[in-house]
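Reading the structure
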Amino acid sequence: VSLHEQLEKGWIQVRKGISRFTENGVVFIDKEGKVESHETPVDAVVFATGYRQQAGFIDPRVVDMRWEREGNDVPLWKGCLPITPYKGLGFINFIQS
């Protein structure tokens, strides 16, 4: 089953505006810019940040990916796994050329 088909069937949902992660899901920011009052359970989160080498919603204690950081290199092993004691977090296609 293709990605396009999964999106059409609603098996994968595209959302933006992450406020925070919880143990079992995500709390989003609504279209008016307000933090939603409920958690949305998720199986996985795919960050599609585009070409700007940053992800300011990640706590810099986990891996510093703020736009304001010094330099533009991100400490990711093999370009996808943070060099950090936190486990279960990975970045796909976040390799600098």
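For the structure itself, consult the block above.
Every value quoted in this text rests on a predicted model; they were computed, and no experiment measured them. (Residues numbered from 1 in each chain as written. Predicted model: local features only at pLDDT ≥ 70, side-chain atom pairs only at ≥ 80, totals over all residues. Heavy atoms only, no water.)

Bringing the overall build of the chain into the picture now. Counting its regular elements, the chain contains one helix and five strands. Ordered by position from N to C terminus, the α and β elements of the chain give α-β-β-β-β-β. Buried positions account for 21% of the 97 residues belonging to the chain. Of all intrachain contacts in the chain linking residues separated by at least 6 positions in sequence, the fraction that spans at least 24 positions is 15%. A total accessible area of about 7900 Å² is found for the chain, and carbon and sulfur atoms account for 53% of it. (Helix = DSSP H or I, 4+ residues; strand = E, 2+ residues; numbered from the N terminus. Buried < 20%, exposed > 50% of the residue type's maximum accessible area, 1.4 Å probe, protein only. Contact = heavy atoms within 4.5 Å. Areas by Shrake-Rupley, 256 points an atom, 1.4 Å probe, with all protein chains shown as cover.)

Our focus in this paragraph is the sheet that holds strand E1 (residues 18-21). The strand order across the open sheet formed by three strands is E1-E2-E3, and the pairing between neighbours is antiparallel. Each of the sheet's edge strands pairs with one partner strand only, and the pair in question is E1 and strand E3 (40-41). In terms of strand pairing, E1 meets strand E2 (residues 25-28) through three bridges, oriented antiparallel. Residue Phe21 lies in a different strand from E2, and its bridge partner there is Val26. (Pairing = 2+ DSSP bridges.)

Before going further, it helps to spend a moment on a nonpolar patch on the surface. On the surface, Val1, Leu3, Leu7, Trp11, Ile12 and Val14 cluster together into a nonpolar patch covering about 640 Å² of accessible area. Position of Val14 among the secondary structure elements: in the loop between helix H1 (3-9) and E1. (Patch = residues over 30% accessible without salt bridge, like charges linked within 9 Å, V, L, I, M, F, W, Y side chains within 5 Å. Salt bridge = Lys/Arg side-chain N within 4 Å of Asp/Glu carboxyl O.)

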